[in-house]
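# Survey of secondary and tertiary structure
Here is what each chain is made of, one letter per residue.
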Amino acid sequence: MGSVDASEKTITGWAARDATGHLSPYTYNLRRTGAEDVVLKVLYCGICHTDLHQTKNHLGASKYPMVPGHEVVGEVVEVGPEVSKYSVGDVVGVGVIVGCCRDCRPCKANVEQYCNKKIWSYNDVYTDGKPTQGGFASAMVVDQKFVVKIPAGLAPEQAAPLLCAGVTVYSPLKHFGLMTPGLRGGILGLGGVGHMGVKVAKSMGHHVTVISSSNKKRAEAMDDLGADAYLVSSDEAQMAAAMDSLDYIIDTVPVKHPLEPYLALLKMDGKLVLMGVIAEPLSFVSPMVMLGRKTITGSFIGSIEETEEVLRFCVEKGLTSQIEVVKMDYLNQALERLERNDVRYRFVVDVAGSNIDDTAA
Ligand SMILES: NC(=O)C1=CN([C@@H]2O[C@H](COP(=O)(O)OP(=O)(O)OC[C@H]3O[C@@H](n4cnc5c(N)ncnc54)[C@H](OP(=O)(O)O)[C@@H]3O)[C@@H](O)[C@H]2O)C=CC1
Ligand SMILES: O=C/C=C/c1ccc(O)c(O)c1
Ligand SMILES: [Zn+2]
Ligand SMILES: [Zn+2]
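Here the structure is a predicted model, which means the values were calculated and not measured. Residue positions are given per chain, counted from 1 along the sequence in the order it is written. Here every chain gets a letter starting at A, and every ligand a number starting at 1, in the order they are written. Local features in a predicted model are, by the rule used here, given only for residues with pLDDT of at least 70; side-chain atom pairs are given and counted only at 80 or more, and totals for whole chains, interfaces and linings are based on all residues. Side-chain metrics rest on all non-hydrogen atoms present in the structure, leaving aside hydrogens and water.

## With respect to the overall build of the protein chain
Comment: elements are numbered from the N terminus, with helices defined as DSSP H or I runs of at least four residues and strands as E runs of at least two. Along its length, the protein chain carries 11 helices and 17 strands. We compute the radius of gyration over the C-alpha atoms and compare it with the globule rule, which gives 2.2 Å times the number of residues raised to the power 0.38. In summary, the protein chain has a C-alpha radius of gyration of 20 Å against a globular reference of 21 Å for 361 residues, a match within 12%. Its C-alpha atoms give the protein chain principal-axis dimensions of roughly 65 × 40 × 35 Å. Out of the 361 residues belonging to the protein chain, those deemed buried represent 53%. Whether two residues are in contact is decided by their heavy atoms: any pair within 4.5 Å suffices. Put simply, of all contacts in the protein chain between residues at least 6 apart along the chain, 67% involve residues at least 24 apart. Of the roughly 14900 Å² of accessible surface on the protein chain, a fraction of 52% belongs to carbon and sulfur atoms. When a residue's accessible area, from a 1.4 Å probe over protein chains only, is under 20% of the maximum for its type it is buried; when over 50% it is exposed; and in between it is partly exposed. Note on areas: Shrake-Rupley with a 1.4 Å probe; residue coverage comes only from the protein chains shown.

## What to know about the UniProt feature "domain: Enoyl reductase (ER)" (unreviewed entry) in the protein chain
UniProt positions are given in the numbering used here, feature names are shortened, and annotations may be inferred rather than shown by experiment. Residues annotated by UniProt as "domain: Enoyl reductase (ER)" (unreviewed entry) correspond here to residues 21-349. Taken as a whole, residues 21-349 contains 25% helix and 26% strand, while its terminal C-alpha atoms sit 17 Å from one another.

## A look at the site of ligand 1
Near is defined per residue: the residue qualifies when any heavy atom it owns lies within 4 Å of the molecule or strand. Of all residues adjacent to ligand 1, which total 27 residues, the nearest are T50, S212, S213, I301 and R346. For ligand 1, the protein covers 88% of the area, taking 910 Å² as the surface of the free molecule. Elements represented by at least two residues in the shell around ligand 1 include exactly α1 (49-55) and α5 (192-203). When residues in the shell around ligand 1 are grouped by element, the largest group, 3 residues, is from α1.

## Considerations on the coordination of the zinc ion (ligand 3)
Coordination partners: N, O, S within 2.8 Å of the metal, 3.2 Å for Na, K and Ca; water not considered, so apparent gaps in a site are possible. Donor atoms from the polypeptide that coordinate the zinc ion (ligand 3) comprise C48 (SG), H70 (NE2) and C164 (SG), at 2.0 to 2.3 Å from the metal. Under this scheme a four-donor centre is tetrahedral when all angles range from 85 to 135 degrees, a four-donor centre is square planar and a six-donor centre octahedral when opposite donors are above 155 degrees with the rest from 65 to 115, and any other centre is irregular. Around the zinc ion (ligand 3) sit 4 donor atoms, and with donor-metal-donor angles ranging over 99 to 128° the site reads as tetrahedral. Going along the chain, you hit the donors of the zinc ion (ligand 3) in the pattern C-x21-H-x93-C. Taken together, the positions of H70 in the loop between α1 and β4 (71-79) and C164 in the loop between α3 (156-159) and α4 (165-175) put the pair 94 residues apart, joining distant regions of the chain.

## Let's talk about the coordination of the zinc ion (ligand 4)
Those donors, C101 (SG), C104 (SG), C107 (SG) and C115 (SG), are the protein atoms that reach the zinc ion (ligand 4), and they lie 2.2 to 2.4 Å from it. Around the zinc ion (ligand 4) sit 4 donor atoms, and with donor-metal-donor angles ranging over 103 to 116° the site reads as tetrahedral. Mapping the donors of the zinc ion (ligand 4) onto the primary sequence yields the spacing C-x2-C-x2-C-x7-C. Residue C101 is classed as partly exposed on the basis of its relative accessible area of 29%.

## Regarding the site of ligand 2
Near ligand 2 you find C48, T50, Q54, L59, H70, V96, W120, C164, V277 and F300, and these make up its full shell. In protein, a polar contact requires one atom able to donate a hydrogen and another able to accept it; more generally it is a pair of N or O atoms within 3.5 Å, and residues adjacent in sequence count only if both atoms are side-chain atoms. For ligand 2, an oxygen atom lies 2.6 Å from a polar atom in the side chain of T50. Within the complex, the protein chains bury 75% of what would otherwise be the 330 Å² of accessible surface of ligand 2. Looking at the shell around ligand 2 residue by residue, the class counts come to 7 nonpolar, 3 polar and no charged. Classification convention: Asp, Glu, Lys, Arg as charged; Ala, Val, Leu, Ile, Met, Phe, Trp, Tyr, Cys, Pro as nonpolar; all other residues, Gly among them, as polar.

## What about the layout of surface pockets?
Estimated volume of the second largest pocket: approximately 420 Å³. Along the wall of the second largest pocket there are 24 residues; nearest its centre are Y28, K130, P131, T132 and Q133. Broken down by secondary-structure element, the contributors of at least two residues to the lining of the second largest pocket are β2 (23-29) and β8 (139-143). Residue contributions to the lining of the second largest pocket peak at 4 residues, all from β8. Tallied by class, the residues present in the lining of the second largest pocket amount to 14 nonpolar, 5 polar and 5 charged. Cavity: a set of points on a 1 Å grid over the protein atoms alone where a 1.4 Å probe fits but cannot get out. Pocket: an open set with protein on both sides within 12 Å along at least five of seven lines, its lining residues, like those of a cavity, having an atom within 4 Å of a point. Grid points are joined across faces, edges and corners, and a volume is the space filled by probe spheres set on the points.

## Description of the packing of aromatic side chains
For Phe, Tyr and Trp, where Trp contributes only its six-membered ring, two rings pair if their centres lie within 6.5 Å, and the inter-plane angle classes them as stacked under 30 degrees, edge-to-face over 60, or tilted in between. In this structure the tally under the stated criterion is 5 aromatic pairs. Judged by centre distance (5.3 Å) and plane angle (20°), the ring pair of Y26 and Y28 falls under stacked. On the basis of relative accessible area, Y28 is assigned to the buried category, the value being 11%. One aromatic cluster is present, built from ring pairs that chain together Y114, W120 and F300. Against the face of F146 rests K145, its NZ or CZ located 5.9 Å from the ring centre. Two limits define a charge over a ring: the Lys NZ or Arg CZ must be within 6 Å of the ring centre, and within 35 degrees of the ring normal.

## A word on the packing of α4 against helix α10 (residues 304-317)
To get an axis, a line is fitted to the C-alpha atoms, and for a helix only the part in contact is used. The angle between two axes follows their N-to-C directions and goes from 0 to 180 degrees. Contact geometry of α4 with α10 gives a least axis separation of 9 Å together with a crossing angle of 100°. It follows that α4 is roughly perpendicular to α10 by the angle criterion. The segment α4 lies against α10, with G166, V167, Y170, S171 and K174 engaging E306, T307, E309, V310 and F313. Along the lines of polarity and charge, the residues of the contact of α4 with α10 split into 4 nonpolar, 3 polar and 3 charged. Any angle between 65 and 115 degrees counts as roughly perpendicular, while under 35 counts as roughly parallel, over 145 as roughly antiparallel, and the rest as oblique.

## Comments concerning the sheet that holds strand β12 (residues 229-232)
In any sheet, the strands associate via hydrogen bonds between backbone groups, in a parallel or an antiparallel arrangement. Judged by pairing direction, the sheet is parallel, and its 6 strands sit side by side in the order β12-β11-β10-β13-β14-β15 without closing on themselves. A strand with exactly one partner marks an edge of an open sheet, and here the two such strands are β12 and β15 (295-298). Neighbour-to-neighbour, the strand axes of the sheet open up by a mean angle of 20°, direction not taken into account. Direction of pairing for strand β10 (residues 184-188) relative to strand β11 (residues 207-212): parallel, over a ladder of 5 bridges. Pairing of L188 across the sheet is with I211, part of β11. Two strands pair if DSSP finds at least two bridges between them.

Right under this line is the structure:
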């Protein structure tokens, strides 16, 4: 157990100040280390499309200054006196959620991501009344319940995308009984979440079809990620030939899109699992779900338990994410590239290697 520094630590993060989403260095204080808190020095943080939604206020609820980042891998540098799970020097991860009520039905069932009182790792308010700030920062203080150990055999930069993208695909496959080998799955949208979807589903022994908006990623999807088939969603002949062929589709498209072309790809009892965060209504006609008893559902990240599980799953299966590691001074360019669909497949920021405390404004 490490000693507790009773003072507030002043650190630097990169914050958006308004809905332009432009990030720049921002100095703020971390809360004092509480009894069950873990202080981590951030090593790496992945860039999720949700970071774009939030910094650019796509959902209309953004508060500024906002330090985004929720695929955080760090090294423990201090622990509170009642921290039992972690010690100084451990490499750990933090995802989308840093608090919950611990008392409601989802909390008691260990699916705390569905707690109505959950606390988001940024763009939220902590129990002390302070804004939460995310992982594009030199350090974070997080309650041990929301920290996971990064297992040996997983490089820290590799682990980062698993803390959101990885668990986001693993959780619904597990929850909806879709881990059986031999299933035929579709991954709609081959980005950060989608590429983990291909890898996780392949590791479960599924036949995986990528459904993409263009032909640009075909060779990579088939040759590098191991997909079995590739459909371009605007190609009516390809889509018609694939009708009634899939047990599930993981839909990661981050913008409004029609559901009917994808419902048509599902077999009877097939499931369309919505992942994209879209603040506009999506539509479909009812026979598209009735005739075939199809399900349209959604899923939100995964629990802490499932996060630990997906990390172990990736080690066991030798599964890695495909990442482009960048420094913090590239963060705005990386976000712009993510917005124009120009990343294969996840940016991960080398936070510790960027010496950001030296850039404080
Ligand atoms: N439900 C949850 O718990 C989670 C939700 N999310 C949400 O999932 C969505 C995807 O996140 P992420 O994978 O990080 O995002 P990415 O931007 O990395 O990937 C999205 C993919 O969707 C396709 N796409 C992008 N823009 C468009 C467009 N304008 N029209 C059609 N297709 C498009 C592209 O694939 P292609 O080139 O193949 O068409 C793109 O690669 C986001 O909305 C994010 O907020 C993320 C994590 C957890
Ligand atoms: O990237 C993870 C967060 C996903 C998310 C899902 C739903 C929602 O309303 C959000 O604001 C974020
Ligand atoms: Zn995310
Ligand atoms: Zn709760």
